[in-house]
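Summary of the model geometry
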Amino acid sequence: MTLLNPTLRQPEQNAFVPAISAEKPAKELNLSDFSAYFRASQAISHQEKNKVFRLRHKVYCEELSFEPPRPSGLEQDDFDRRALHCSLAEANSNEIAGTVRLIHCEQDPGPLPIEKYFAGRFTAPHLTPACFPRQHVCEISRLAVAAQFRRRIKDTAAKDLPALSSSSRPFNRFIAIGLYLMATAMCLEKGYYHGFVTIEPSLARILQRIGINFNQIGEAIDFNGKRAPYYLDAREVVANLLPEYRDLMQRLSSQLLTEPELVAASRQMTSKTNLQWAIA
């Protein structure tokens, strides 16, 4: 779930959505450099997960008031027990810039959040989670980007925000995209091919420009802003991504996947000439 609150002033709303023009970003930046400024990783240890939960609390509870504050300063729910957590950290400072989670049904076939909030509202019954084997289903949610990385450059001089590396600033607007690419890489690694998200329709349209094609499966509802349920096949994402984003996904996957054989598999996934297994 992405971060858009209609109660916020418009400039702050826009800062949550990746700024992508119709032109290829490679004309402005070399996206292959993104992975030099931001490092992808999985939050596996208790300490690493707490960093993720602390960022989520800062964003969801303190800044946006989407969730009630917790005395612990950690934003968690029951779905975290069956979720994989990924994060991007600034390479120089190691400060966590963003996070996203994948809720899966591999050990627990219980319902996903999308099945709870959109029960009886699906308009594409053939693309709902119930239509697929539970071990191949997941939901991408709790996407959060730290304020100092999502604020516009002119806002980073505010006293409550730490200074950002001037060299990494141009890449800040691709953090949310990087998190979605990381989530897709994890979907493919784990076999969670059938992914679901609840996002703003405007964000779905923006991500479609780079080849992440969502299928809307229900009407938008008022849920911390207008949000709609979407389905995507992670295998098709690999085939449809624009080349520079496919390359970025490969680089982030190499950081995210720690086992050598998984890294090699990731490289095969991102090769346009070797997608037979991925699109079968």
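These numbers were taken from a predicted model, which means no experiment stands behind them.

**A word on unusual backbone geometry**
- Despite not being glycine, Asn94 shows a phi value in the positive range, around 65 degrees.
- Residue placement: Asn94 occurs in the loop between strand S2 (83-90) and strand S3 (96-104).
- Classification of Asn94 by relative accessible area gives exposed; the value is 55%.
- In the Ramachandran plot, Arg142 falls in the positive-phi region, its phi being about 50 degrees despite a non-glycine side chain.

**Some thoughts on the environment of Gln255**
- In this structure, Gln255 sits in helix H9 (residues 243-256).
- The sequence separation of Gln255 and Ser35 amounts to 220 residues, and the corresponding C-alpha distance is 8.5 Å.
- Once residues within four sequence positions are removed from consideration, Gln255 is found in contact with Ser35, Phe38, Arg39 and Ala40.

**A look at the packing of helix H6 (residues 175-190) against H9**
- Running from N to C, H6 and H9 point in directions that differ by 65 degrees, and their axes come no closer than 9 Å. On the basis of their axis angle, the class for H6 and H9 is roughly perpendicular. Like other packed secondary-structure pairs, H6 and H9 cross with a definite hand, here right-handed. Taking contact as the criterion, the partners of Ile177, Gly178, Leu181, Met182, Thr184, Ala185, Met186 and Leu188 in H6 are, on H9, Tyr245, Leu248, Met249, Leu252, Ser253 and Leu256.
- Here the residues of the contact of H6 with H9 are counted per class, giving eleven nonpolar, three polar and no charged.

**Observations regarding the pairing of S2**
- Of all eight residues in S2, eight are buried, a share of seventy percent or more.
- Where S2 meets S3, seven bridges bridge the pair, whose relative direction is antiparallel. Each bridged residue has a counterpart across the sheet, and for Ala89 the counterpart in S3 is Ile96.

**Describing the nonpolar core**
- Grouped together as the largest cluster of nonpolar side chains are 65 residues, with contacts concentrated most on Phe34, Leu88, Leu102, Ile175, Tyr180, Ile212 and Phe214.
- Ranked by size, the runner-up nonpolar core spans 15 residues in total, among them Ala83, Leu127, Ile221 and Tyr231.

**Quick look at the state of the cysteines**
- Scanning the model with the defined rule gives zero disulfides in all.
- Note on Cys187: no disulfide assigned, nearest cysteine sulfur contributed by Cys138 at a separation of 3.5 Å.
- Exposure remark for Cys187: the relative accessible area of 3% places this residue in the buried category.

**Overview of helix H7 (residues 201-208)**
- Of all the positions in H7, only Leu203, Ala204, Ile206 and Leu207 are classed as buried. In an axial view of H7, the angular spread of the buried residues amounts to 160 degrees, which keeps them on one side of the axis.
- Contacts made by the buried residues of H7 are with H6, strand S5 (194-199) and strand S8 (226-233).

**Some remarks on the side chain of Glu139**
- Within the secondary structure, Glu139 is located in strand S4 (residues 137-145).
- Although buried, Glu139 forms no salt bridge, and the nearest oppositely charged side chain, Arg101, lies 7.0 Å from it.
- In this view, Glu139 contacts Arg101, Leu102, Ile103, Leu112, Pro113, Ile114, Phe196 and Thr198; residues no more than four positions away in its chain are not counted.

**Here's the deal with the pattern of salt bridges**
- One pass over the full model with this rule turns up 18 salt bridges.
- Of the charged contacts, one joins Arg56 and Glu75 as a salt bridge, the two residues approaching to 2.8 Å between their closest N and O atoms. Taken together, the residues span a long stretch of sequence, with Arg56 in helix H3 (residues 46-63) and Glu75 in the loop between H3 and S2 at a distance of 19 residues. By the burial criterion, Arg56 is buried, and Glu75 matches it.
- Salt-bridge contacts for Arg134 lead to Glu115; the nearest nitrogen and oxygen are separated by 3.0 Å. On the criterion of sequence distance, the pair formed by Arg134 in the loop between helix H4 (113-117) and S4 and Glu115 in helix H4 is long-range, its members being 19 residues apart.
- Among the residues examined, Glu115 registers a relative accessible area of 19% and is labelled buried.
- One connected set of salt bridges, linked through shared partners, spans Arg56, Glu67, Arg70, Glu75, Asp77, Asp80, Arg101 and Arg142.

**Digging into the packing of aromatic side chains**
- Summed over all chains, the structure comprises eleven aromatic pairs.
- Centroid distance Phe132 to Phe196: 6.5 Å. Interplanar angle 50 degrees. Geometry classified as tilted. Of this pair, Phe132 sits in the loop between H4 and S4 while Phe196 is found in strand S5, placing the two residues 64 residues apart along the sequence. Each member of the pair, Phe132 as well as Phe196, is classed as buried.

**A short note on the environment of Tyr230**
- In this structure, Tyr230 sits in strand S8.
- Using a relative accessible area of 4% as the deciding quantity, one classes Tyr230 as buried.
- Here the alpha-carbon distance between Tyr230 and Gly218, two residues twelve residues apart in the chain, equals 7.4 Å.
- Residues within four places of Tyr230 in sequence aside, it is in contact with Ile114, Gly195, Phe196, Val197, Ile199, Pro201, Ala204, Phe214, Asn215, Gln216 and Ile217.
- Only 3.4 Å separates the side chain of Tyr230 from the side chain of Gln216, close enough to count as a polar contact.

Conventions and cut-offs
- Residues numbered from 1 in each chain as written.
- Predicted model: local features only at pLDDT ≥ 70, side-chain atom pairs only at ≥ 80, totals over all residues.
- Heavy atoms only, no water.
- Helix = DSSP H or I, 4+ residues; strand = E, 2+ residues; numbered from the N terminus.
- Buried < 20%, exposed > 50% of the residue type's maximum accessible area, 1.4 Å probe, protein only.
- Contact = heavy atoms within 4.5 Å.
- Axes fitted to C-alpha atoms, helices over the stretch in contact; angles between N-to-C directions.
- Parallel < 35°, antiparallel > 145°, perpendicular 65-115°, else oblique.
- Left-handed = near helix turned anticlockwise from the far one by under 90°.
- Nonpolar A, V, L, I, M, F, W, Y, C, P; charged D, E, K, R; others polar.
- Pairing = 2+ DSSP bridges.
- Core = buried A, V, L, I, M, F, W, Y, C linked by side-chain atoms within 4.5 Å.
- Disulfide = S-S within 2.5 Å.
- Arc of directions from axis to C-beta.
- Lys, Arg positive; Asp, Glu negative; His and termini not counted.
- Salt bridge = Lys/Arg side-chain N within 4 Å of Asp/Glu carboxyl O.
- Phe/Tyr/Trp six-rings, centres within 6.5 Å; stacked < 30°, edge-to-face > 60°.
- Polar contact = N/O pair within 3.5 Å; in protein donor to acceptor, adjacent residues only side chain to side chain.

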